[in-house]
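Observations on chain architecture
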Number of protein chains: 4
Amino acid sequence: MSGPPSPAPRGFASDNQAGVHPEVLEALAAANHGHAASYGADAWTARAEELFREHFGAEVRGFCVFNGSGANVAAVDALTRPFEAVICTDVAHMHVDECGAPERLTGTKLLTVASEHGKLGPDDVRRWEARRGDEHQAQPRVVSITQATELGTVYTLDETRAIAEAAHELGMLVHVDGARLANAAAALEAPLAALTTEAGVDAVSFGGTKNGLVLGEAVVFCRPELAEEFAFTRKQLLQLASKMRFVSAQFEALLGGELWLRSARHANAMAVRLASAVGATDGVEITHPVEANAVFARLPRPAIDRLLVELPGEHPFYVWDEEADEVRWMCAWDTTPEDVDEFAAAVAAAVAPV
Amino acid sequence: MSGPPSPAPRGFASDNQAGVHPEVLEALAAANHGHAASYGADAWTARAEELFREHFGAEVRGFCVFNGSGANVAAVDALTRPFEAVICTDVAHMHVDECGAPERLTGTKLLTVASEHGKLGPDDVRRWEARRGDEHQAQPRVVSITQATELGTVYTLDETRAIAEAAHELGMLVHVDGARLANAAAALEAPLAALTTEAGVDAVSFGGTKNGLVLGEAVVFCRPELAEEFAFTRKQLLQLASKMRFVSAQFEALLGGELWLRSARHANAMAVRLASAVGATDGVEITHPVEANAVFARLPRPAIDRLLVELPGEHPFYVWDEEADEVRWMCAWDTTPEDVDEFAAAVAAAVAPV
Amino acid sequence: MSGPPSPAPRGFASDNQAGVHPEVLEALAAANHGHAASYGADAWTARAEELFREHFGAEVRGFCVFNGSGANVAAVDALTRPFEAVICTDVAHMHVDECGAPERLTGTKLLTVASEHGKLGPDDVRRWEARRGDEHQAQPRVVSITQATELGTVYTLDETRAIAEAAHELGMLVHVDGARLANAAAALEAPLAALTTEAGVDAVSFGGTKNGLVLGEAVVFCRPELAEEFAFTRKQLLQLASKMRFVSAQFEALLGGELWLRSARHANAMAVRLASAVGATDGVEITHPVEANAVFARLPRPAIDRLLVELPGEHPFYVWDEEADEVRWMCAWDTTPEDVDEFAAAVAAAVAPV
Amino acid sequence: MSGPPSPAPRGFASDNQAGVHPEVLEALAAANHGHAASYGADAWTARAEELFREHFGAEVRGFCVFNGSGANVAAVDALTRPFEAVICTDVAHMHVDECGAPERLTGTKLLTVASEHGKLGPDDVRRWEARRGDEHQAQPRVVSITQATELGTVYTLDETRAIAEAAHELGMLVHVDGARLANAAAALEAPLAALTTEAGVDAVSFGGTKNGLVLGEAVVFCRPELAEEFAFTRKQLLQLASKMRFVSAQFEALLGGELWLRSARHANAMAVRLASAVGATDGVEITHPVEANAVFARLPRPAIDRLLVELPGEHPFYVWDEEADEVRWMCAWDTTPEDVDEFAAAVAAAVAPV
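What you are looking at is a predicted structure, and each value in this text was computed from that prediction instead of being measured.

**Here we look at the sheet that holds strand β5 (residues 173-178) of chain C**
All names here are of chain C.
- Taken together, the seven strands give an open sheet; going across it, the order is β1-β7-β6-β5-β4-β2-β3, and neighbouring strands pair in mixed fashion. Because the sheet does not close on itself, it has two edges, and the strands there are β1 (61-65) and β3 (109-113). Pairwise comparison of adjacent strand axes, ignoring direction, gives a mean angle of 25 degrees for this sheet.
- With four bridges joining them, β5 and strand β6 (residues 203-207) adopt parallel strand pairing. Note that in β6 the partner of His175 across the bridge is Ala203.
- Along the sheet face, helix α11 (residues 245-255) touches β1, β6 and β7 (217-221) and points at about 120 degrees away from the line of β1.

If you want it as structure tokens, here you go:
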């Protein structure tokens, strides 16, 4: 990806360029009262853990961490031994955007499969079975899927279940990189547990940052026995906050009511609005189904340049695939209909023959 | 260490049980305006980097990270190859309290030396010279000192300089674990640069969390050539925040004025007040010079038990050395004179013969 | 790969199923004289180092290690920092057959490209340029090619040079996995230096085991400055033999005269003989150019089964690609023309319509 | 340690400067017959595995590896998760002489205790109990003792049993670094199983190289369930020989009869002879009980210099502790009484007043 990293009011570069939801900031401020036990032995963290159980299932165990790479790496570390491997797509965030941290820090090998619109299927799991037991090859142990995917698509509940069944049949575990799990749940109109625990998922990286937090993700183990040693894993992988209450309090704001869902629904709706607007424009081709909060589109290179260079900082976004002239437009919890309409008009103008 | 991890208004367990300074929260809220480029390409981060140069020297390069272990591990990783080793005391935080993260994540070996009141000296550096060049032994490359130390003492500027000279003579580098560097600077009445860059230090883990931030530390490279690849190191070691502006803005609050110094001075003063009050009490022996914001004391076991068990949650603190009946009392930016006096009275009562 | 691992007189499963050349055993026995300094400070090792310079170039530095994975992993470790990556083909031994050791032990990420008959080209190097400088992505630093390749083909001198030029232009280094470098040199009728140092290669894993040693490989650095810290790397990666003279003496046997070349030429010739014999057989399709000591062929599944099941242990070999009914037949230094002819006859019989 | 690494007929520098026992070379040559399945699926390896069961217990599982560091690191890796730690003495080979490989490659932390003549005791195990469950500290999981120790002493069967009991009570495992286990068994006049499996040991690094092999060590798991995934661990840690039969055949020579015991007894006897001879010399002080094949002694510095400098290469040995003027003299399977007597005379001459 390349593109303008300069700040802007509300662009379409990434949902992590958005700010913090006011309710989250309020919760953070409200947690600033006197002393509290550090490293998670506080009331806010107890409450966050309770909320993870409410949303993901009565038996789950959730642990707050700092960021998405931290959640993914710590989850993989908990689920694997160093000679074991993780099956994921070749567009998986953990493969493409984490600077090799999973390999370096956990010792795992990533076994990539070509994705269809960002998704893999049960056959992509089964194809690795042949290497089981061969000491020369890293042993497939975890299937990691991203939900919503890096390409803005969403696994249906049935699709997730089918992957989990294939994995479990072969003695593997399923991890969901859920940096945008809320967007997927909103899209599927299903509770978080339905997408994860109830679909056979074993562990989740549950994202908060892109959905309106200052920072904060959680590793949620759907089966508690997988979490037994995770306190050590989290600490050793540099993901344990000393003033944990300020991370936990944000999750309370997110999950205590419907903020997580409201924000995700809104971002998704903005993506649909944008896709509808630009999809009708001659010269713009939507390249992946718009199922969450991202729109991927192909448009003429001069149009891309006009949008990025002539309107710099106004509507920043990333060119996803330079060779294919494919761009990514992300919507966030704070994207407004006016932002979308204004940007869609700019796109229309950029592609229009002069 | 063992002790009560339960929350409490304002105890003496750790400066990381304190909350966030109101000015820091205000700065964080003020940064919540529109979209901003992620991963540090924002105006708040540019400002924080400028402030690191103001405080540590015109040539330094500072990078925000999440927590203290993250800062230490990333700094060590930047300064070493995997077959190289770090000299530190046997009470060093990186040796005792980071769950083996430095060894696991960087591959380094820690070469520990017995400390005197938490400090090491130039001879502790020189003694490792004999193993240079022997392929069977990890090669000493970094000397890491903690300032203020884990035992509440402070290296003088001359002591730091002498260590740096010994290290540099032998081709080694000096790292300062400065989780409480502000307290040391306040104690020495010297600018941060005097304790670090000007004393020959090569890299610093500069602490913000214990001095009133929500969370945030920085790795400061006193010599910029050491920082050339650190962007990758930080990312790979899971220490890169996507919404970086909210970490950077806190450092602006801390370093933009004198908040860092005011808070550190106050915490130090509270420790002196406490030491004066309890030091005069029969049966209480102060075990280390009180030079920063910690008081270490030995007192009769029954008195410890009375304080911890009969007044649980009132004044939590840690028993530092169970066998020696030695306790640690930490003061924070928000400790009040009343807190100190009330606690000193409780100590006096606890040690008094019934 | 799957197939019968049972022992056999002289089959075609792998050149590492062959024994030790008698001249090598003699050299090993001759080195068994009195005491010798350990860890390589002995006369045999000095002689081996001299031979590496004779064969690879006057400036090179060679280090004996135990096995091929050890050579590859240690070489990669010497050439990279943990956030850097290695470009290789998707059939590379280091990607497929080393149980994830490169990733785990060095922290590197492997960036795979689809191979054409086991080879990559300069464009496969250049395509990774776009990710340079992006902290989210492991940084390409080394291009690793296998010579002769895992598919029995050989890079021409020009092909190697073109890859090296592309790599060096982009600030990358070139590593050759030369487990079968001798076979490549025999095929090209060129000295080892011509394939490596003179073609711009920076480091080589030079194989001895498959070419008639008991065990022994060498990491040869074509540019000596890359070897400065390798003594530590070799030791830390568990590749330093205490009684080194017995590894070094084998290399003296191999490289002191023309044994390396004689053996490699013979193995290559046997592969050509086999390919000629079976290539003419209806139903057998040679799938890759036969340029070194391997023959890859596609034949009807029932024929494969007849060869493996009905003649078990007689002529063991591996099914390389189960789905494609593709097999691999390796020739070794000790394969005889009679072995080949007998096996070719068996193949002909197996594919013949009953 | 420092000293002359130059070769010599038969000195006292290290038992790894000795050559290969003729019976071992014969076995190696005898294994050179036709092709054999690689990576251990051969008859020689099956026989070696049988011999490990004969010597260590009917249930054990033994795996050949290349060298002592490889055995130790692979054993530790099999017994620990990365956040777990190994208790060992501060003179342990794995702490002092393996270039930090255990830490780097397995992620473990070494928790060192001061040794008494190279040994630790049950209290050294129990003292780490306090850190159990504290996520800030690497969790003690393995106690590693060296048998015979690095200082030439031997744990009695009762001592080993007491350590194992303490370890098992606390949920820890016991590893024996047995690079010189044969010497310990010879000293105790007990079978290998008595020192290990029957004494409660869980895993052993069993040394062959120092006892007359070309190279070869074995990791023996006394409890087979600990070995379940070790094939992967061995491969990933670069310790799997392709032509395994040539390692295994050496173990057959060593363990098939009494060669292991004969050689070890002889080396021990030579150490006793040397200690007796020099112990009576004025100015020479034996510093550790001579229980295996090493003699440690303190003698005047000028005498050390005379022995090392004036007779260079004649009788090389290491100065063990430069500051204490303490030297180490190792005897090997091939040390002769004449070697000992001649050297003892040289020592006597060196210390005699001129």
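Okay, back to it.
**What about the domain arrangement of chain A?**
Residue and element names in this part refer to chain A.
- Per the domain assignment, the segments of chain A are domain 1 (22-255) and domain 2 (259-351).
- Once you take the C-alpha centre of each, domain 1 and domain 2 turn out to be 28 Å apart.
- Contact residues are listed per partner, giving 23 residues for domain 1 and 22 residues for domain 2.
- For the domain 1 and domain 2 pair, buried surface summed over both sides reaches about 1,800 Å², with 60% attributable to carbon and sulfur atoms.
- Across the domain 1-domain 2 interface, the total number found is one salt bridge.
- Of the charged contacts in the structure, one is a salt bridge between Arg262 and Glu23, with a shortest N-O distance of 3.5 Å.

**Digging into the pattern of salt bridges**
- What the rule picks out here adds up to 84 salt bridges over all chains.
- For the salt bridge of Glu252(B) with Arg47(B), the shortest nitrogen-to-oxygen distance reads 3.9 Å. Residue Glu252(B) is located in helix α11 (residues 245-255), and its partner Arg47(B) is located in helix α2 (residues 43-56); the two are separated by 205 residues in the primary sequence.
- For Asp341(D), the salt bridge identified is with Arg273(D), shortest N-O distance 2.9 Å.

**So, the sheet that holds strand β10 (residues 318-321) of chain C**
Residues and elements named next belong to chain C.
- In space, the four strands of this open sheet follow the order β8-β9-β11-β10, with antiparallel pairing throughout. In this open sheet, the two strands that pair with only one neighbour each are β8 (285-286) and β10.
- Across the face of the sheet, helix α12 (residues 259-279) comes into contact with β8, β9 (294-298) and β11 (326-330) while running at roughly 20 degrees to β9.

**Remarks on the side chain of Gln137(A)**
- Its location among the elements puts Gln137(A) in the loop between α6 (122-126) and β4 (139-146).
- For Gln137(A), a relative accessible area of 12% gives the class buried.
- With residues up to four places along the chain from it excluded, the contact list for Gln137(A) reads Arg131(A), Val96(C), Asp97(C), Cys99(C) and Phe232(D).

**Comments concerning the pairing of strand β3 (residues 109-113) of chain D**
All names here are of chain D.
- In terms of burial, β3 is a largely internal element, four of the five residues being buried.
- Two elements, strand β2 (residues 84-89) and β3, share five bridges in a ladder whose sense is parallel. Within β3, the residue paired with Val86 across the bridge is Leu110.

**Here we look at the packing of aromatic side chains**
- Summed over all chains, the structure comprises 50 aromatic pairs over all chains.
- Each ring, one from Phe63(D) and one from Phe221(D), has its centre 6.1 Å from the other, and the planes form 80 degrees; the classification is edge-to-face. Highlighted residues: Phe63(D) in strand β1 (residues 61-65) and Phe221(D) in strand β7 (residues 217-221), separated in sequence by 158 residues.
- On the basis of relative accessible area, Phe63(D) is assigned to the buried category, the value being 7%.
- By the ring-pair criterion, three or more aromatic residues cluster together here, those being Phe12(A), Phe317(A), Trp329(A) and Phe343(A).
- Seen from the ring of Tyr155(C), Lys119(C) lies directly overhead, with NZ or CZ sitting 5.7 Å from the centre.

Here is what the cut-offs are and how they apply
Residues numbered from 1 in each chain as written. Chains lettered and ligands numbered in written order. Predicted model: local features only at pLDDT ≥ 70, side-chain atom pairs only at ≥ 80, totals over all residues. Heavy atoms only, no water. Pairing = 2+ DSSP bridges. Helix = DSSP H or I, 4+ residues; strand = E, 2+ residues; numbered from the N terminus. Axes fitted to C-alpha atoms, helices over the stretch in contact; angles between N-to-C directions. Contact = heavy atoms within 4.5 Å. Domains from an automatic or database assignment. Buried area = accessible area lost by both parts, 1.4 Å probe. Salt bridge = Lys/Arg side-chain N within 4 Å of Asp/Glu carboxyl O. Buried < 20%, exposed > 50% of the residue type's maximum accessible area, 1.4 Å probe, protein only. Phe/Tyr/Trp six-rings, centres within 6.5 Å; stacked < 30°, edge-to-face > 60°. Lys NZ or Arg CZ within 6 Å of the ring centre and 35° of its normal.

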